[in-house]
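# A closer look at the structure
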Amino acid sequence: MRETTMTRRQLFGTAGSVAAGAVAATALSGCSGTGVEMTRTTPQIPDPDQAKEAAYKVAARIQDEGTVLLKNSGVLPLVKGSVVMPFGRAYLDPIYGQLTSGGSAKWSVDPVTPEQGLSAFSIDGSAVDAMRTAGDPEALEEAEGTSAAGKAGSMLGGDCRIYEYDPSIYDGIAESPEATGIVFVTRSGQEGQDQKMDAYSDGTPHYLALSKSERGAITAAKRICGAVVVVIVGSAPMEVGDLTSGSLEVDAIIHYGHPSERGFSELSALLDGDVNPSGRTVDTWSRDFTADPSYVSVGLHTYDNLPITSGSLTDGGEFMRTFNEYQEGVYMGYRYYETAALVDPSFSYDDAVVFPFGFGLSYTSFTQSLDSVVDDGVDVTARVTVTNAGDVSGKDVVQLYAASPYTEMDQAEGIEKPACQLVDFAKTDLLAPGQSQTLELSFDREDMASYCYTRENPNGTVGCYVLEAGDYEVSLRENSHAVIARGTVTQDETLWFDGSDAEHTRRSERDAQSALDDQGNPVEDAGQAYVAASNRFQASSDYMRAQSRILSRADWAGTKPVYEATKSIDDEFAEGHDLFVTFDPATDARLGNVEGSLVYAADEPTSGAKNGLVASDLRGAAYDDPRWDALLDQIDWVADKSGIVRNFSGDAYVTAAIDSIGLPATIDMDGANGLKVQGSDNGYDMTKSCSYGYEPLAAATWSKDLLYQMGEAIGTEGLAHGISGWYSPGLNLHRSFFSGRVFEYYSEDPMLTGKLAERVVSGAGDQGMYCYLKHFALNETDTGRAQLICTWADEQTMRELYFRPFEIALKEARKTVRYTSDDSGAVAEKVMRAGTAVMASQTCVGTMIGHCSYALLHDILREEWGFEGMVISDYWVWNGNNHRDLAMRAGCDTYLCMSVPAMWSISDYDSPTARACMRRAIHNLAYTVTNSSAMQGMVPGAVQKTAESPWWGIIRGVDVVAAALVAGGVALIARRTKAEREHPELYRRSKRKQAKLDRKRAEKDAGEKD
């Protein structure tokens, strides 16, 4: 067997970073096979530039179809060449997406500007000249006694200051009734902090409301111009109710999303009608965000009796733990507003909601008719005919919702049922005026089931899904609120999916736990014991009932969420909360080397066998193929120790090779809006790959086909750059618009999120890329995560909302894998599950951090959902080997940490239990990598080997120093901030910061003179 040899420099670059560009030429170069002359099945490696440009074509379509026309009095579309007058700081300095180089998203380098985007029009620069003459505007700071508008010293950046010109700069501009004023408003998103949720010094109630100066700019535009269009550049909704009526009403509102690098190139086409907007909202745009039930959970909430000593190198030390309670339960987003309209006589939907979920306008008009609703006992299928009844071509979105009966049994069992929930959706082709298209939408009857966490099951477990007897309404809607037509599906008797037999186990569970045939279809085994969903987080449900509250239709007014800044936690819920600090692998009764533990192994697994297999022999093999055991029997725990331990302690954007089984190293990359690619200097080069508009913009297309194309394009770029894994997409929900990472997640709805993510994962998978679905789970806030935030919800809420997108994507995504099927070199294809990678959450589910939760990573992910693949932690720099022991035993197969060899360690490498757990994790890793682009085209028997460059020992030393520097970084930032305040003359500042300082000095001088 011949081998291809690569040095660590080629694989990891200098100082442990990933030189993906170099790897593309090396990791995918020819490999030899045993017994055949060919070395590969010769996959085509795409040209990077061609792949990028092809991807940008997809990105342009996403911008076209994801832009949402929220209001239009008839002013749009504009006539080409007509006069437009731009207003607002966001015209000159829009936020394209992530503000800094910190965080997981790509940042913009040389973006298309709004000015370039308006090239189809004649720009009257009067307002622009006034803005440029005024210089940088003053930052709008926080009101006294409120949270900070900017986070000083944040390693990930982030700034909730609002920058807008004093509207008095427009006073001298003459009226220009022939001009259309276009007012740009922008807001940011950022990992590491949430958005400011309280007041600013000018009375602006929070970050997502229009500031006084922004309102002034709109008022000025209304005075000067004949019509006014507001363009919102940002991912989260904003409070814009005042723009729809009254003195501040404008003629049109467009939600443009975060457009990233080239998104503004589509602006003219969307405004002049060359492109007809077809986006739909992915969230409910309410009138008052502070009245939303999730608002009470925003911000920092702290226990006064739960101290912990954190081993984090960046945020470590002793502090009180924080908490976040999902008190609104299943009534989040439109589920709350639609249910409130149904059950609360004092609630006015029109007063509360400005734009419903699923809302969007077009330059044409459509009619939709519900032709039929057919229930075959398994699936419910609706046929809908859409007709373009207007004068121009366009696309429409079809939305199907279901409503379950709410009964006395539900009240007794504590089951909650929203007034409606999305069950399927589709987007039409481009329809010419008068053209019709009939679409079929379908869903499993079991999708109407509710989870009951109080049910005592015959097998001794507690909790299961239930499809209650009664009539279920299936409705065709324009959006979550406007009903077009209704149908009915009847369930004759109550069906408890308690796992007592196959009939009482949901089909989706049976399918997920079954093997697939070569076409990707589940093949049920009559002798297989299927695992039905049951309570895995009993303590969390109990906590919510004992120490918090859950919004309920049974007592709507009496169970509304309440704000608590601090509270004490009862001992029963605090017990064992610091296990990821104190874990002892030798003695822990649950996950330790103790007989009867969940992972105990009395005997060490076979190792060092000479079975003559390598990983490439198993490409295309099922996860439970017996050859996997034969391959894993070959593991050399001594020779492969460095690679094995690295995977469990330091897989920063790589997975390490395991030579004894022929498993190569891989490159994994971040990029919430496209792949981050390394440059020649071992730093990121944002120009090497496509930058897409952010996830909410992609979701606003409501297009499954387009999201598949996005995944396919990202996978193709991965092939071009030698990148096999992508730390995306993010499947957490928009529970609160104040979450800093709304721009990384699709929607407030689990069905929309899950179905679109499935398409992305399938598209990328067909190109050999594995996607880490993140952050599993309950990672809807960034506030308090450094304080090891405890996140609480009842299990119905967890399963029906926050676990659901992951469940859909993992169960349904498919990819086609090509492999050499015989000694003659014949190439075969088979369809396999594409969801083979998951990133666990940094936040805690209950008191246990996501990547150390056995219930999350084993019981739900693997037992119930049949997940076959690997789990990685989120980036977690923790100074404690036992923490990584716990993570690995709980089901976290690889550990994302900085490239610091001093931290690549675990405390138990040699016990039989440790070896058994590591073997399982290696199996999960090997299965994922073998069926990815990392081994695409490798014939059976082919291997890749890595060699160590002579200077690697020097790099290890450098990285040890780097670890010390990182550990001291927070203190250094704090000292620098203090020193800058005391001696500002010693530090260089941005123009904004300098202007603020000059203003304060002037005020001080004036005070002294007085």
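Bear in mind the structure is a predicted one, so any value in this text is a computation, not a measurement.

## Regarding the overall build of the chain
In terms of helices and strands, the chain carries 27 helices and 38 strands. Out of the 1010 residues belonging to the chain, those deemed buried represent 63%. Here the analysis covers contacts within the chain between residues at least 6 apart in sequence; of these, 76% occur between residues at least 24 apart. Summed over all atoms, the accessible surface of the chain reaches about 35,100 Å², with 48% contributed by carbon and sulfur.

## Some details on empty space enclosed by the protein
Evaluation of the coordinates by the stated rule reveals ten cavities of 30 Å³ or more. Approximately 130 Å³ is the volume attributed to the largest cavity. In terms of lining residues, the largest cavity is bounded by 16 residues, among which D292, S294, R735, S736 and F737 are the most central. The residue makeup of the lining of the largest cavity, split by class, is seven nonpolar, six polar and three charged.

## Looking at the packing of helix 3 (residues 48–66) against helix 19 (residues 704–721)
Packing of helix 3 against helix 19 brings their axes to within 9 Å, and their N-to-C directions diverge by 160 degrees. Between helix 3 and helix 19, the crossing angle belongs to the class labelled roughly antiparallel. Viewed along their axes, helix 3 and helix 19 form a crossing whose handedness is left-handed. Side by side, helix 3 and helix 19 meet where P48, A51, K52, A55, V58, R61, I62 and E65 of the first sit next to L706, Q709, M710, A713, T716, E717, A720 and H721 of the second. Looking at the contact of helix 3 with helix 19, its residues break down into nine nonpolar, three polar and four charged.

## A few points about the pairing of strand 3 (residues 83–87)
For strand 3, the tally of buried residues reaches four of five residues, placing the bulk of the element in the interior. As defined by bridge partners, strand 3 adjoins strand 4 (residues 122–123) across two bridges and the pair is classed as parallel. Across the sheet, residue V84 finds its bridge partner in strand 4, namely I123. As paired elements, strand 3 and strand 7 (residues 176–186) share four bridges and run parallel to each other. Each bridged residue has a counterpart across the sheet, and for P86 the counterpart in strand 7 is I182.

## Brief notes about the confidence of the model for the chain
Per-chain confidence: the chain averages 90 in pLDDT, with 88% of residues scoring 70 or above. Low pLDDT, under 50, characterises residues 1–42; the stretch is placed with 127 contacts to residues that sit more than four places away or in other chains. In this model, residues 948–1010 is a region of pLDDT below 50 whose contacts with residues beyond four sequence positions or in other chains number 52 contacts.

## Concerning the pattern of salt bridges
Inspection of every chain in the model, using the stated rule, returns 58 salt bridges. One salt bridge connects R383 with E440, and the closest N-O pair in it is separated by 3.1 Å. Of the two residues, R383 sits in strand 15 (residues 379–388) while E440 sits in strand 18 (residues 436–444), which places them 57 residues apart along the sequence. Two residues, R915 and D910, come together in a salt bridge whose shortest N-O distance is 2.8 Å. Look at the salt bridges and you will find they share partners, linking E191, D670, R741, E744, K774, D782 and R785 into a network.

## Here we look at helix 24 (residues 881–890)
Of all ten residues making up helix 24, nine are buried, and the element is well covered by its neighbours. Turning to helix 24, its buried residues number three or more, namely N882, H883, R884, D885, L886, A887, M888, R889 and A890. Against the buried residues of helix 24 lie helix 15 (579–582), helix 17 (641–649), strand 36 (848–849), helix 23 (854–864) and helix 25 (912–930). The positive-phi residue at the C-terminal boundary of helix 24 is G891, with phi of around 120 degrees.

So, how was this worked out
Residues numbered from 1 in each chain as written. Predicted model: local features only at pLDDT ≥ 70, side-chain atom pairs only at ≥ 80, totals over all residues. Heavy atoms only, no water. Helix = DSSP H or I, 4+ residues; strand = E, 2+ residues; numbered from the N terminus. Buried < 20%, exposed > 50% of the residue type's maximum accessible area, 1.4 Å probe, protein only. Contact = heavy atoms within 4.5 Å. Areas by Shrake-Rupley, 256 points an atom, 1.4 Å probe, with all protein chains shown as cover. 1 Å grid on protein atoms, 1.4 Å probe; cavity = no way out; pocket = protein on both sides within 12 Å on 5 of 7 lines; lining within 4 Å. Points joined across faces, edges and corners; volume = space filled by probe spheres on them. Nonpolar A, V, L, I, M, F, W, Y, C, P; charged D, E, K, R; others polar. Axes fitted to C-alpha atoms, helices over the stretch in contact; angles between N-to-C directions. Parallel < 35°, antiparallel > 145°, perpendicular 65-115°, else oblique. Left-handed = near helix turned anticlockwise from the far one by under 90°. Pairing = 2+ DSSP bridges. pLDDT = per-residue confidence, 0-100. Salt bridge = Lys/Arg side-chain N within 4 Å of Asp/Glu carboxyl O.

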